[in-house]
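What follows is each chain in one-letter form.
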Amino acid sequence: MQTRLYSHIAMLGAAPETRGSIATVVEGYRAHGLFKRWPISYIATSCDGSLAEKGLLAARAVRELGALLAQHRRAVVHVHAASGAGFWREAAFMGAAFAAGCPVVLQLHGNGFDPAIRWFLERATLVCVPCESMRGWVRSVARHVDVVLAPPPVAVAAVPELAAKPNLVLFLGRLEAKKGIYDLLDAVAGLRAAVPDVRLVCAGDGDRIGVARYAERLGIADAVKFTGWVGPSGKRALLEHAAAFALPSYDEALPVSLVEAMSAGIPVVASPTGGIAEVVADGASGFLVAPGDRSGLERALRRLLIDRELGARMGKAARETAKARFAPERALAVLENLYAALGAIALDERSGEREQFPLKKAA
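Described in the following lines is the structure provided in the data block. All values derive from a computational prediction rather than experimental measurement. (Residues numbered from 1 in each chain as written. Predicted model: local features only at pLDDT ≥ 70, side-chain atom pairs only at ≥ 80, totals over all residues. Heavy atoms only, no water.)

### A word on the pattern of salt bridges
Stated precisely, the cut-off is as follows: Criterion for a salt bridge: a side-chain nitrogen of Lys or Arg within 4 Å of a carboxyl oxygen of Asp or Glu. Only runs of H or I of at least four residues qualify as helices and only runs of E of at least two qualify as strands under DSSP, and these elements are numbered from the N terminus. Burial classification: accessible surface area is computed with a 1.4 Å probe over protein chains only, and a residue below 20% of its type maximum counts as buried, one above 50% as exposed, and the rest as partly exposed.
On inspection of all chains with the given rule, the structure shows 15 salt bridges. Here R37 ties to E336 by a salt bridge, and the two come within 3.0 Å at their closest N and O atoms. Highlighted residues: R37 in helix α2 (residues 34-37) and E336 in helix α14 (residues 328-342), separated in sequence by 299 residues. Here R37 falls in the buried class, since its relative accessible area comes to 12%. For E336, a relative accessible area of 7% gives the class buried. In this structure, K179 and E252 form a salt bridge, with 2.6 Å as the shortest nitrogen-oxygen distance. Linking K179 in the loop between β7 (168-172) and α7 (181-191) with E252 in the loop between β10 (244-247) and α10 (256-263), this pair joins segments that are 73 residues apart in sequence. For K179, a relative accessible area of 17% puts it in the buried group. Among the residues examined, E252 registers a relative accessible area of 8% and is labelled buried. Several salt bridges share partner residues, and in doing so they unite R19, D48, R174, E176 and D205 into one network.

Right, here's the structure in full:
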């Protein structure tokens, strides 16, 4: 770790309200005071919209980062990156930070990263990941990298208790085969014999037409609703009414949507992939079902919908897990301790005032 004092932090990532975990995590940081306690300038490098809109935003981000580095000479540069083309966009900003001699904190979101990013992993001062499975992957690619576990900040949701929740299963994610959506449709079709009024709400973008056609072939089109991507308020409304959350994905890191469902006290049925198996205790806070096991998925959902006492117990356990592991004060403490260790100066320390927000040790 460096000991030189840095007067500024440049944080780069998705624009607010952009779809994906980066905007959600950054908004959690902002909402719970990280930007008030540290001298952070947030630079949006990506957004939803047309290619022209994305290009204009990227060009503005280049100018903003250049101006910030020229003004502060050296700063801590904290980059949020997802896999695929998005990573290589952020790579250009990391290259500029390396050239300026700035310490770079690289925070990875999701999975599916190419081992070709090794060059950037090895040159980053720190790499932050959401779960142990991702930490293992990073170290398999770049053995000597300093990798830190940085859980997403998710507050325990204040979800009103309904007298009787409908038999509603909620899916939050992209509509594509690797997320297990077709397996989930098969499970719902098989479930109708035991739970005739079961409903599935699919909240997310992707191949909506293909998924809807498959539901029609199964004869359950009337039981499936598509909302498209939903923002925070729409998500809260869905969580209020869901009796179970399903994510039978084939490959994940640690989906923020799953943690949000757990924080709302909803029992989950998910695949034990990536970090999911690290947070969902099978039979206690939810059920873990192997990817592609459609009959197992159906059985797990049937148990939760028919035995509501079981669902309530699992939902309570899920909420307690989310509170213990993903509370904002715990998640932010990780970053604040990292910033301090790198030599960044908190705002209250710069003014000479007594520190009002002491750093908390993350277990």
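### Let's talk about the packing of aromatic side chains
Cut-off, in case you're wondering: Aromatic pairing here means that ring centres of Phe, Tyr or Trp (its six-membered ring) are within 6.5 Å. Orientation follows from the plane angle: under 30 degrees is stacked, over 60 is edge-to-face, and everything else is tilted. In this analysis the charged atom, NZ for Lys or CZ for Arg, is taken to sit over a ring once it is within 6 Å of the ring centre and within 35 degrees of the ring normal.
This model, assessed by the stated rule, comprises 10 aromatic pairs. Their ring planes at 80 degrees and their centres at 5.8 Å tell us that F87 and F120 sit as a pair that is edge-to-face. Here F87 is found in helix α4 (residues 85-99), whereas its partner F120 is found in helix α5 (residues 118-123), with 33 residues between them in sequence. You'll find F87 and F120 in the same group, each marked buried. Measuring from ring centre to ring centre gives 4.9 Å for W119 and F120, while their planes differ by 75 degrees; the resulting arrangement is edge-to-face. A relative accessible area of 42% places W119 in the partly exposed class. You can call F120 buried: its relative accessible area is 11%. Ring pairs connect the aromatic residues F87, W88, F98, F113, W119, F120 and W137, which therefore count as one cluster. Here the basic side chain of R30 rests over the ring of Y42, its NZ or CZ set 5.7 Å away from the ring centre.

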